[in-house]
Each structure stands twice: as C-alpha cells, then as structure tokens.
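# An overview of the molecular structure
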Amino acid sequence: MTKQTFAIIGLGRFGSSVCKTLVDGGAEVLVIDKSEAQINNYKKIATQAIIADAQDENTLKSIGIRNFDHVIVAIGEDIQASILVSLMVKELGVKHVTAKAQNKYHARVLEKLGVDKVVRPEREMGKRIGKGLLSENMLDYLNLSANIQVAEIKITKPSFANKDLAKLRFRNHYHLNVIAIKRNDDIIISPRADQKLLVNDSLLVVGKTADVDHFSQSMS
Ligand code: ADP
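Going by an unreviewed UniProt entry, the chain carries the name Potassium transporter Trk and comes from Liquorilactobacillus nagelii.

Shown next, in the form of structure tokens:
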C-alpha cells in the first residue's frame, strides 16, 4: 500500500497537532505557513516545511498541491485567507479537503465551496467534555450519524453485577446493542446473551444518542 500524502496549510494549535498525529502515524506531511518561526519549529518534524503565503495561487501550483491525497486548511483567525485558500485547493482539484471553521457562518461558506469536511475543533471538544461532565461513566463516544452513536460506558451499579445480558434484558430495556465488553486488559468482542457483567466493566454500545445518554445517566 502506498503512503497517503497530506499537506497542512497553517501551523497554529490545530494544524500543528494534526501534523504531529499524522507524522506519528507514519504519513508523509508537507506543512506550509507564512510564519518563518512556525516553519522552523516543524522542519525536523514534517517531511517538508515551506514558508509561503498560501493565498498565492502560483505557490500552491508550484508545490503541486493537487497531487496530495488530502489537504488540511488549518488557518484559524484569518477567515478571508481560509476561504480563499479552501476555494483554490478545491479548484485545483484536491480530492479530500478538510478545513477548520471559526464559527457557523464560516462553516457554511466552506461547505458551499465544496470543502469535504468542515471541522470546528473548539465546539467539538467542548461537546465531548460537556458529555463527560454530564456523566462520568461515559468514557468516550463517536457519532456515527446525527443521532446514532457508539459509546463506551462504565458499569458502576452493583445491581448489574453477575447478571448476564439476557437476564438484564439489555436490548429491550436500553435499546442498545453491546458490541464489546472491556474488562481490565481483556476485550470480549460480540458478547453472547449469557455473558455476565461485572462492576467496572466498560460496555461498548451502539444505538440512538438519546438511548446512549439515558443508559449512561442511569449509571450515575
Ligand atoms: P489556531 O486557532 O489553530 O491556533 P491560528 O489562526 O492561531 O490557528 O494559526 C493559523 C496559522 O496559519 C498561523 O501559524 C499563521 O501563520 C498561518 N497562516 C495564516 N494565514 C496564512 C496564509 N495565508 N498562508 C500561510 N499560512 C497562514
């Protein structure tokens, strides 16, 4: 399998964190920033680091931006630059573009331009932290669609201990499917109906977000 290639435009907090994650994952990463200081910090980390203003279309062309599998527009505060650069990389034919939006209006414009994935990191992180605060037993979650989630929920109630999924009538009661059970370092995948639960097990469940919330709050 050939390595995926990424170009990150803008090395603020978001872009630099994406960069490190991709490099740690073994990907080839080109970074572009107009700030020499930022580029100097990433010369040894990224595969290639270029000082340039990405608003210059000729620069994007000479870098061969269209040859990258994925471009991440991580320009934060300068919304005008973010919009112009996103427009140009889409027009130059990049297949997968992810761009960071500062607010909902910025996000709407980026979506209209054909950006494939628009992210609002502060908002998404805020939601995630809020969920964790609402229920300490919701260890993690992933939205599969607008109202379907996979979530990891810790069993805290002694009334669940030593009862199996069938006896708890888990699916009927909570309208959730248990994909796996994490117990210490073990993972029981696709547990059978006669699988007994223990306190401190973590259940990986899939179902409607409202049902996931209901179950995790019932553990509080
Ligand atoms: P964050 O909120 O993720 O920290 P910032 O807005 O603070 O984002 O940082 C964005 C980065 O993008 C900065 O390092 C800035 O130098 C860079 N940047 C902004 N505009 C351009 C541009 N036109 N071309 C290249 N880099 C840019």
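## Concerning the overall build of the chain
Counting secondary structure elements, the chain contains eight helices and eleven strands. Based on the C-alpha atoms only, the size of the chain along its principal axes is roughly 65 × 35 × 30 Å. Among the 220 residues that make up the chain, the fraction classed as buried is 41%. For the chain, long-range pairs separated by at least 24 residues make up 55% of all intrachain contacts whose partners lie at least 6 apart in sequence. Of the roughly 12,800 Å² of accessible surface on the chain, a fraction of 51% belongs to carbon and sulfur atoms. Each charge class in the chain was averaged separately, 31 positive and 25 negative side chains, and the resulting centres sit 6 Å apart.

## What about the site of the ligand?
The local shell around the ligand holds 18 residues, among which Arg-13, Asp-33, Asp-53, Glu-77 and Lys-100 are the closest. Between Lys-34 and the ligand, the recorded distance is 3.2 Å, taken from a backbone N or O atom to a nitrogen atom. One of the backbone nitrogen or oxygen atoms of Gly-76 is found 3.2 Å away from an oxygen atom of the ligand. For the ligand, whose accessible area on its own is 580 Å², the fraction buried by protein is 86%. Its residues placed into classes, the shell around the ligand shows six nonpolar, six polar and six charged.

## Overview of the confidence of the model for the chain
Close inspection of predicted coordinates is inappropriate in any region flagged by low pLDDT. The predicted model of the chain averages 94 in pLDDT, with 100% of residues at 70 or higher. For this predicted complex, the interface confidence reaches an ipTM of 0.94, while the overall pTM sits at 0.80.

## Thoughts on a negative patch on the surface
There is a patch of like negative charges on the surface, built from Asp-53, Asp-56, Glu-57, Glu-77, Asp-78 and Glu-91. As for its position among the elements, Asp-56 is in the loop between strand S3 (48–51) and helix H3 (57–63). According to the relative accessible area criterion, Asp-56 is partly exposed, its value standing at 36%.

## Here we look at the environment of Ala-166
Along the chain, the position of Ala-166 falls in the loop between strand S8 (148–154) and helix H7 (170–174). For Ala-166, a relative accessible area of 44% translates into the label partly exposed. In sequence terms Ala-166 and Ala-74 are 92 residues apart; their C-alpha atoms lie 48 Å from each other.

## What about the sheet that holds strand S6 (residues 117–119)?
Spatially, S3-S2-S1-S4-S5-S6 is the arrangement adopted by the six strands of the open sheet, whose pairing is parallel. The sheet is open, and its two edges are formed by S3 and S6, each paired on a single side. Strand-to-strand, the axes of this sheet are offset by a mean angle of 15 degrees, without reference to chain direction. Note: strand S1 (residues 5–9) against strand S2 (residues 28–33), five bridges, orientation parallel. Bridging from a neighbouring strand, Ile-9 pairs with Ile-32 of S2.

## Thoughts on the pairing of S1
Extensive coverage of S1 is indicated by the burial of five of its five residues. Looking at chain direction, S1 and strand S4 (residues 70–73) are connected through four bridges and run parallel. Its bridge partner lying in S4, Ile-8 is registered against Ile-72.

Thresholds, definitions, all that
Every chain is numbered on its own, with residues counted from 1 as its sequence reads. Only residues with pLDDT of at least 70 are given local features in this predicted model, and only at 80 or more are side-chain atom pairs given and counted; all residues enter the totals for whole chains, interfaces and linings. Side-chain numbers here rest on the full set of heavy atoms in the structure, without hydrogens or water. Every helix listed is a DSSP run of H or I at least four residues long, and every strand listed is a run of E at least two residues long, numbered separately from the N terminus. Each residue gets one of three labels from its accessible area relative to the maximum for its type: buried under 20%, exposed over 50%, partly exposed in between, using a 1.4 Å probe on protein chains only. Here a residue-residue contact requires only that any non-hydrogen atoms of the pair lie within 4.5 Å. Here, Shrake-Rupley sampling with a 1.4 Å probe gives the accessible areas, and only protein chains in the shown set may cover a residue. For the charge count, each Lys or Arg is scored as positive and each Asp or Glu as negative, with His and the chain ends excluded. Note that the charge is assigned to NZ on lysines, CZ on arginines, CG on aspartates and CD on glutamates. A molecule or strand has a residue near it when one of that residue's heavy atoms lies within 4 Å. Polar contact is defined as a pair of N or O atoms within 3.5 Å, subject to the rule that within protein one atom must be able to donate a hydrogen and the other to accept it, and that residues adjacent in sequence are counted only when both atoms are side-chain atoms. Three residue categories are used. Nonpolar comprises Ala, Val, Leu, Ile, Met, Phe, Trp, Tyr, Cys and Pro, charged comprises Asp, Glu, Lys and Arg, and polar comprises the others, including Gly. Values of pLDDT, ranging from 0 to 100, describe the predictor's confidence in every residue of the model. The residues that make up patches have over 30% relative accessible area and no salt bridge, and they are joined within 9 Å when like-charged or within 5 Å when they are Val, Leu, Ile, Met, Phe, Trp or Tyr. Salt bridge, as used here, is a side-chain nitrogen of Lys or Arg placed within 4 Å of a carboxyl oxygen of Asp or Glu. Pairing between two strands requires that DSSP report at least two bridges joining them. Axis definition: a line fitted to C-alpha atoms, over the contacting stretch in the case of helices. Angles run 0 to 180 degrees between N-to-C directions.

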